[in-house]
Amino acid sequence: MKVRFWGVRGSIPTPGHDSADVGGNTSCVQVLTGHAEPLILDAGTGIRLLGNALMADAAASQGLAGHVLLSHTHWDHIQGFPFFAPAFSPKNEFYVYGAGKAEERLEDVLKGQMNYQYFPVALDQMGANIHFVELQEETFTIFGDVEISTRAFHHPGGVYGFRIVHQGQILVYATDMEYTEQNLDPKLIEFARNADLLIYDAQYTPEELKVKTGWGHSTHTTAAYLAQQAGVKQLALYHHDPSHTDAQLYQMEAEAQAIFAASTLAVEGLTLDLDRP
Amino acid sequence: MEYNNPIRGENEGITLKVKFWGVRGSAPSATPETAGVGGNTSCVQLLTDQPYVLILDAGTGIRLLGNALVAACQHEDQELYLLLSHTHWDHIQGLPFFKPANSASNTLHVYGANKPQRTLEEVLRGQMDYAYFPVALDEMGAQFRFHPVAEETFVLPGGIEVTTRFFEHPGGVLGYRIAYQGKVVVYATDMEYTVANLDPRLVAFAQGADLLIFDAQYTHEELNFKTGWGHSTYLTAVHLAQAAGVKQLRLFSHDPDRTDTELETLERQAQQHFPATWLAREQQVIDLNLL
Ligand SMILES: [Zn+2]
Ligand SMILES: [Zn+2]
Ligand SMILES: [Zn+2]
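Worth saying up front: this structure is predicted, and the values here are computed from it rather than measured. (Residues numbered from 1 in each chain as written. Chains lettered and ligands numbered in written order. Predicted model: local features only at pLDDT ≥ 70, side-chain atom pairs only at ≥ 80, totals over all residues. Heavy atoms only, no water.)

## A closer look at the overall build of chain B
Step number 1: Along its length, chain B carries 7 helices and 14 strands.
Step number 2: Since a compact globule built from 291 residues should have a radius of gyration of about 19 Å, the 18 Å found for chain B is in line with a globular shape.
Step number 3: In terms of principal-axis extent, the alpha carbons of chain B reach across some 50 × 45 × 40 Å.
Step number 4: Expressed as a percentage of its 291 residues, the buried residues of chain B come to 63%.
Step number 5: Across chain B, the fraction of contacts at a sequence separation of at least 24, relative to all contacts at a separation of at least 6, is 70%. (Helix = DSSP H or I, 4+ residues; strand = E, 2+ residues; numbered from the N terminus. Rg over C-alpha atoms; globule rule 2.2 N^0.38 Å. Buried < 20%, exposed > 50% of the residue type's maximum accessible area, 1.4 Å probe, protein only. Contact = heavy atoms within 4.5 Å.)

Spelled out as structure tokens, the structure:
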């Protein structure tokens, strides 16, 4: 398994020179499993660039049956979908997964984003055949051999983590969740246990968390602590705060490495190979 | 006299200046290839000697404007006026991240059109519905005052005169003509016209402006398959600028995929038709007295 980061920023995209090295697009990760069909985690603005890359390969851009797993439906995790070019081709099919909620259907939340007051094209007009799959805490299989487990974690409105197992390799995607070293959920440690790669929310510094308690995010030090507790091989610090410059993020990476040596910043355009941590 | 606009010094002795905080259309563009012109979505600030903050549209650029107000310690006890062309994402998506909206001592006056089924206020609250955002609009802190706008002329404190007209865009869009002490800025983004079907109302609206900020999102090749998406080309922009006899034209609402190099080529091509044409560039300030 490999993963490629198309968007690593949290909350809002940050165009500009200060954050250009690490990248300013919001959450989107592509999971490469050797199958031709794309497996995508979250649909922040990074998915626009992923879509453009898929379309550039003419052969691969038609007849796609892709899977998009949404951790939750906050803007920075769905705002790229209206700009995902492969979803405009009637030859393509997409399965969009997200938490099933009592009050609002996943489909309605995503359609609401493309309501005429907010966007000129409705979701139904996009063209591709789009299916919505509402998830519980469960385990299911796609592509015949990619096993996906979901668990709910602590975030305003709720969030799902994804544990993806393919040919013995384990990827855990756990973003947008608020935990500290003191209140780390044993359920989360179990969920991340022995992952080859853990992608975890490291939006805040501990100082920032003091004024952002309840906003639903963790710190780079909690990420490193979790990686240690769960015995993962590699940690990717993810969902960077829009106010953090490249220089600040490299500093946070160094601080995380002091706690857990195999820590690395999730950087836009970076591909990590789970074979070679 | 105490000036109240950021950044201190930038507004001394001026009638009217314009500062671009976001110039991109549709979606923010965070790539090195677009960083020169800028990747934030629509937000333009009008700098005057009036003691309040005046802003056109609240795309991602407004986050940086808010940060600048905080850095200049001008984010409290403020009156802020926000004029919205329409409520497509790229014109409102920065508002939840606009720090002055978090201060209880601020009043934010928001102008824009009501929709047949939903008021302006409901549309902006909808952006911060719990399914999409962790904080509701009412929890932000500032006092929000919503002012529904139709086609009309109204006057902001200190005599800044604002005229609005509806133009051609899916779901509708308002153009703003803003006049102050004899200077005129026309902000006309997100509207679909061609050289062949230019609306005489638009020409009249832009007539004699010192500065025209106009939608030039597509190339004419792109417009062939983006008809109905609600945007114009630089050719329409220069044609309009000429027909309306404006002093300067700024091409605005750049496509998120358009690189700096491509934009500079379009700028040169536009200048061949209307020499006083430039790209709207993020962070750039234009003094209308110097045009
Ligand atoms: Zn997020
Ligand atoms: Zn979130
Ligand atoms: Zn629009």
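From this point, the discussion proceeds with the structure in view.
## Description of the sheet that holds strand E13 (residues 263–265) of chain A
Residue and element names in this part refer to chain A.
Step number 1: One open sheet holds the 7 strands; their spatial order is E7-E8-E9-E10-E11-E12-E13, and the pairing between them is mixed. The two strands at the open ends of the sheet, each matched to only one other strand, are strand E7 (139–142) and E13. On average, each strand axis in the sheet is tilted by 20° relative to the strand beside it, whichever way the strands run.
Step number 2: Here 4 bridges tie strand E11 (residues 197–201) to strand E12 (residues 235–238), and the two strands are oriented parallel to one another. (Pairing = 2+ DSSP bridges. Axes fitted to C-alpha atoms, helices over the stretch in contact; angles between N-to-C directions.)

## A short note on the coordination of the zinc ion (ligand 3)
Residue and element names in this part refer to chain B.
Step number 1: All of the protein donors around the zinc ion (ligand 3) are His 86 (NE2), His 88 (ND1), His 169 (NE2) and Asp 190 (OD); their distances to the metal are 2.2 to 2.4 Å.
Step number 2: The site at the zinc ion (ligand 3) holds 4 donor atoms, and with the angles between them running 87 to 173°, its shape is irregular.
Step number 3: On the primary sequence, the residues serving as donors to the zinc ion (ligand 3) are separated as H-x1-H-x80-H-x20-D. Here the residue His 169 occupies a position in the loop between strand E8 (160–167) and strand E9 (173–180), and Asp 190 occupies one in the loop between strand E10 (183–188) and helix H4 (200–206), the gap between them amounting to 21 residues.
Step number 4: Judged by relative accessible area, Asp 190 falls into the buried class, the value being 1%. (Donors = N, O, S within 2.8 Å, 3.2 Å for Na, K, Ca; no water. Tetrahedral: all angles 85-135°; square planar, octahedral: opposite > 155°, others 65-115°.)

## A closer look at the coordination of the zinc ion (ligand 1)
Residue and element names in this part refer to chain A.
Step number 1: For the zinc ion (ligand 1), the full set of protein donor atoms is Asp 76 (OD), His 77 (NE2), Asp 176 (OD) and His 239 (NE2), at a range of 2.1 to 2.2 Å.
Step number 2: One can describe the donor arrangement at the zinc ion (ligand 1) as irregular, given that its 4 donor atoms subtend angles of 91 to 160° at the metal.
Step number 3: Within one chain, the residues donating to the zinc ion (ligand 1) are spaced in sequence as D-H-x98-D-x62-H.
Step number 4: In this model, the zinc ion (ligand 1) sits 3.6 Å from the zinc ion (ligand 2), the two metals being bridged by Asp 176. Here Asp 176 lies in the loop between strand E10 (169–174) and helix H3 (186–192) and Asp 76 lies in the loop between strand E4 (65–69) and strand E5 (93–99), a separation of 100 residues in the sequence.

## Things to note about the pattern of salt bridges
Step number 1: If you walk through the whole model with that rule in mind, you get 15 salt bridges over all chains.
Step number 2: The salt bridge partner of Lys 233 of chain A is Asp 196 of chain A, with a shortest N-O separation of 2.8 Å. Taken together, the residues Lys 233 of chain A in the loop between helix H5 (220–230) and E12 and Asp 196 of chain A in the loop between H3 and E11 connect sequence positions 37 residues apart.
Step number 3: With a shortest N-O distance of 2.6 Å, Arg 125 of chain B and Glu 121 of chain B are connected by a salt bridge. You can see Arg 125 of chain B and its partner Glu 121 of chain B sitting in helix H3 (residues 120–127), 4 residues apart, about one turn around the helix.
Step number 4: You can call Glu 121 of chain B partly exposed: its relative accessible area is 30%.
Step number 5: Each of Arg 105, Glu 107, Asp 108, Lys 111 and Asp 124 of chain A takes part in salt bridges that share partners, so that together they form one network. (Salt bridge = Lys/Arg side-chain N within 4 Å of Asp/Glu carboxyl O.)

## What to know about the sheet that holds E9 of chain B
Residue and element names in this part refer to chain B.
Step number 1: In space, the 7 strands of this open sheet follow the order E7-E8-E9-E10-E11-E12-E13, with mixed pairing throughout. Each having just a single partner strand, strand E7 (153–156) and strand E13 (277–279) make up the two edges of the open sheet. This sheet shows a mean twist of 20° between the axes of neighbouring strands, independent of strand direction.
Step number 2: Across the sheet, helix H7 (residues 260–273) lies against strand E12 (248–252) and E13, angled at about 170° from E13, the strand it touches most.

## Observations concerning helix H2 (residues 106–113) of chain A
Every α-helical turn comprises 3.6 residues, leaving residues that sit three or four positions apart pointing alike.
Step number 1: Considered for burial, the residues of H2 of chain A that qualify are Leu 106, Val 109, Leu 110 and Gln 113 of chain A. Down the axis of H2 of chain A, the buried set is contained in an arc of 95°. They therefore lie on one face.
Step number 2: Packing partners of the buried residues in H2 of chain A comprise E5 and strand E6 (129–135) of chain A together with helix H2 (89–92) of chain B. (Arc of directions from axis to C-beta.)

## Looking at the environment of His 147 of chain B
Residue and element names in this part refer to chain B.
Step number 1: Within the secondary structure layout, His 147 lies in strand E6 (residues 143–148).
Step number 2: His 147 gets classed as partly exposed once you look at its relative accessible area, which sits at 24%.
Step number 3: Along the primary structure His 147 and Phe 274 are separated by 127 residues, whereas in three dimensions their C-alpha atoms are 36 Å apart.
Step number 4: Other than its neighbours up to four places away in sequence, His 147 contacts His 109, Val 110, Tyr 111, Gly 112 and Leu 120.

## Digging into unusual backbone geometry
All names here are of chain A.
Step number 1: Phi is positive for Asp 176, which is not a glycine, with a value near 55°.
Step number 2: Positive phi, close to 60°, is recorded for Asn 194, a residue that is not glycine.
Step number 3: If you trace the backbone, Asn 194 turns up in the loop between H3 and E11.
Step number 4: For Asn 194, a relative accessible area of 48% translates into the label partly exposed.

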